[in-house]
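Residue-level listing of the chains:
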Amino acid sequence: MTEETNGSDGSHLTKSRLEALSDGIFAFAMTLLVIGLSVPDKATLVPSNAYALQVLINLYSGFIHYALAFLILGAFWLSQHMQFHSVRTPDKIFTWINLVTLMFVALLPFSASFSGAFSGVPVGAMVFESNLLVIGTGLSLQWWYATSGNRLTESTLKPAYIRKIRFRNLVVPAVSIVGIMFALAGNTWSTAIYMTLPIVFYCVEYTFG
């Protein structure tokens, strides 16, 4: 398909430019996640095996949130790639939905680090879960806007495929809401709910083929 410049609303933005920006921010956020795993300055003053092992043990929560955030961001990136493949040319509204979503993608390294640092406090988990909720909601809104009445997609796009992507996009927001509810109930392990994502995604794929 030949890519066209969207000049109808004055944005003059090609899909490839928006994809390049999205890919860059996702890559930057996924790379920045590891910065949350910081070694204490005291490590240079106490060069012992016992202290090194203690530091690694204390960082377990940070490692867990790093792995969760990295894998979920990867799933978000794949989902967005699938959406862009079906979009002809973005308009201003679609572009702004994408930009706001990317703003929270860039925020995820902070929320993952914050949640890891406050792993024993429910509000720490809620910050991380709320961040993922907003990103997932943004991707869902993008797809809904683009496919509603085939606004930005080809009319030949199969309704079954549109429904499958819609349900896939709702998986992380739904799991995030459950996690937030657990956190509000005082549970400090609510982020463990994201371990169920592979099962939920599999169920969606199995149901909608």
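Residues numbered from 1 in each chain as written. Predicted model: local features only at pLDDT ≥ 70, side-chain atom pairs only at ≥ 80, totals over all residues. Heavy atoms only, no water.

### What to know about the pattern of salt bridges
Note that side chains of opposite charge can pair when their charged atoms are close. The test is simple: In what follows, salt bridge is the name for a side-chain nitrogen of Lys or Arg lying within 4 Å of a carboxyl oxygen of Asp or Glu. Elements are defined by DSSP. Helices are runs of H or I of four residues or more, strands are runs of E of two residues or more, and each kind is numbered from the N terminus. Think of it in three bands: with a 1.4 Å probe and only protein chains considered, a residue is buried below 20% of the maximum accessible area for its type, exposed above 50%, and partly exposed in between.
One pass over the full model with this rule turns up two salt bridges. Two residues, Lys-164 and Glu-205, come together in a salt bridge whose shortest N-O distance is 3.7 Å. A residue pair is termed long-range when its members are at least 10 positions apart, and Lys-164 in helix H6 (residues 159-184) and Glu-205 in helix H7 (residues 197-208) qualify at 41 residues. Classification of Lys-164 by relative accessible area gives buried; the value is 12%. A relative accessible area of 29% means that Glu-205 is categorised as partly exposed. With a closest N to O distance of 2.8 Å, Arg-168 and Glu-205 form a salt bridge. Of the two residues, Arg-168 sits in helix H6 while Glu-205 sits in helix H7, which places them 37 residues apart along the sequence.

### Some details on the packing of helix H1 (residues 15-32) against helix H3 (residues 60-86)
Counted only if it meets this: Only the stretch in contact is used when a helix axis is fitted, and all axes are lines through C-alpha atoms; the angle between N-to-C directions ranges over 0 to 180 degrees. By definition in this entry, angles of less than 35 degrees are roughly parallel, angles greater than 145 are roughly antiparallel, angles of 65 to 115 are roughly perpendicular, and the rest are oblique. We call two residues contacting when some pair of their heavy atoms lies within 4.5 Å. Following the grouping adopted for this structure description, the nonpolar residues are Ala, Val, Leu, Ile, Met, Phe, Trp, Tyr, Cys and Pro, the charged ones are Asp, Glu, Lys and Arg, and the polar ones are all others, Gly among them.
Contact geometry for H1 and H3: axes closest at 10 Å, N-to-C directions at 175°. Looking at the two axes, H1 sits roughly antiparallel to H3. Along the contact surface, H1 presents Lys-15, Leu-18, Glu-19, Ser-22, Asp-23, Phe-26, Ala-29 and Met-30, while H3 presents Phe-70, Leu-73, Gly-74, Phe-76, Trp-77, Gln-80, Phe-84 and His-85. Broken down by class, the residue content of the contact of H1 with H3 amounts to nine nonpolar, four polar and three charged.

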